Amino acid sequence: MATTKRLVTADELLEMPEITCRYELVRGELRSRPFVGHVQGRIATNVLTSLYTHAKSNGLGEALPVTGFILALRPDHVRAPSVAFVRRARVDAVADVEGFFPGPPDLAVEVVSPDDLYMDVYERIADYLAAGILAVIVVDPSRRVVKVHRSRGNTVELGEGDTLEVNDVVPGWQMAVGEMFE
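Attention here is on the structure that accompanies the text. (Residues numbered from 1 in each chain as written. Predicted model: local features only at pLDDT ≥ 70, side-chain atom pairs only at ≥ 80, totals over all residues. Heavy atoms only, no water.)

## Considerations on helix 4 (residues 118-130)
Structurally, the α-helix is built with 3.6 residues per turn, so residues lying three or four positions apart point the same way. Formally: Helix and strand assignments come from DSSP, with helices taken as H or I runs of at least 4 residues and strands as E runs of at least 2, each series counted from the N terminus. Expected helix span is computed as 1.5 Å times (number of residues minus one).
Between its first and last C-alpha atoms helix 4 spans 18 Å; for 13 residues at 1.5 Å apiece the expected length is 18 Å, and the two agree. Where helix 4 ends, the next residue or the one after it, G132, has phi of about 105°, a positive value.

Listed below in C-alpha cells is the structure:
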C-alpha cells in the first residue's frame, strides 16, 4: 500500500513547539536541525556582531540571527541560516512581518556544525542560490576556512589571513576571517 507524507506549511511550522531541536521546512517536509554548539555559536555571534554594527550604522538593512525565511510556497520551503542580511529596501517593503520573512535574505551565513553532513550543507547552499540569494558564506570551524558561494561553480575560499568582503551585497562591510574564529 502506498503512503503519502503530509506536507507541513510555514504557518504550521511557526506553531510547533521547539523542544529538543530547531526545525526547517524543506519543500513541505519537516527537518530537524540540532542546536549549535558553543564554538559555532561564538563564530555566528562574531559574524552577526560585525555585520549588524556595519549595517545599522550605515542604514543598509538588517542583520539577523537564526531567522526563518520563506524561500518558496506550495510546498512551503523555510530555511534559517546562522546569520542573514536583508537590504533596507526589502525590510521596509515588508515592515514588521509576524512570522517568517517572506522571501530569501540577500546574504546567508551558515556555520558548519560537527553534526552537519556536507550533503546537507550543499543542499542548503543550492536552496539559497536557487531562491535568489546573492551570496552564501559557509564558515567551516574545523578547517578554519570560509567559502563564499555566488552561483554553482563560482566559489571563493578564504583562509585566516584573508578578509571577507561582499561589497555588492553589503557595501563597505569587511571582516578578517581570523576574527570569526576568535
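## Quick notes on the pattern of salt bridges
Opposite charge on two side chains makes pairing possible when the charged atoms of those side chains draw close. So the rule is basically this: Counted as salt bridges are all cases of a side-chain nitrogen of Lys or Arg within 4 Å of a carboxyl oxygen of Asp or Glu. Relative accessibility under 20% of the residue-type maximum defines a buried residue, over 50% an exposed one, and the middle range a partly exposed one, all with a 1.4 Å probe and only protein chains included.
A full pass over the atoms with the stated rule returns 10 salt bridges. Between D106 and R90 there is a salt bridge, with its nearest N and O atoms 3.2 Å apart. Residue D106 is found in the loop between strand 7 (101-102) and strand 8 (107-111), and its partner R90 is found in helix 3 (residues 88-94); the two are separated by 16 residues along the sequence. Relative accessible area serves as the criterion here: at 8%, D106 is assigned to the buried category. Using a relative accessible area of 26% as the deciding quantity, one classes R90 as partly exposed. Across the salt bridge formed by E110 and R124, the nearest N and O atoms sit 3.5 Å from each other. On the criterion of sequence distance, the pair formed by E110 in strand 8 and R124 in helix 4 is long-range, its members being 14 residues apart.

## A word on the environment of F35
For F35, the position within the fold is in the loop between strand 2 (29-33) and helix 2 (38-57). When the C-alpha atoms of F35 and V170 are compared, they prove to be 28 Å apart, with 135 residues separating the residues in sequence.

## Examining helix 2
Definition in use: Relevant arc is that of directions from the helix axis to the C-beta atoms, nothing else. For this analysis, residues touch if any pair of their heavy atoms sits within 4.5 Å.
Look at helix 2: 28 Å from first C-alpha to last across 20 residues, which is about the 28 Å you get at 1.5 Å a residue. Looking at helix 2, one finds that the buried residues are Q40, I43, A44, V47, L48, L51, H54 and A55. Looking straight down helix 2, one finds that the buried residues subtend no more than 140° of arc, so they occupy a single side. For helix 2, the exposed residues lying more than 90 degrees away from the buried face are H38, K56 and S57. In the core, the buried residues of helix 2 are packed alongside strand 3 (61-65), strand 6 (83-87), strand 8, strand 9 (135-140), strand 13 (174-176) and helix 5 (177-180). Positive phi shows up at G59, right after helix 2, with a value of about 60°.

## A word on the packing of aromatic side chains
So the rule is basically this: Centre distance within 6.5 Å is the pairing criterion for rings of Phe, Tyr and Trp, where only the six-membered ring of Trp is used; planes under 30 degrees apart are then read as stacked, over 60 as edge-to-face, and the remainder as tilted.
Counted according to the given criterion, the structure contains 2 aromatic pairs. Centre to centre, the rings of F69 and F101 are 5.5 Å apart; their planes meet at 55°, and the pair counts as tilted. Of this pair, F69 sits in strand 4 (residues 69-72) while F101 sits in strand 7, placing them 32 residues apart in sequence. We note that F69, like F101, is buried. Seen from their ring centres, Y118 and Y122 are 6.3 Å apart, and the 35° between their planes marks the pair as tilted. Pair noted here: Y118 and Y122 are both in helix 4, with a separation of 4 residues, about one helical turn. The partly exposed category is assigned to Y118, whose relative accessible area is 42%.

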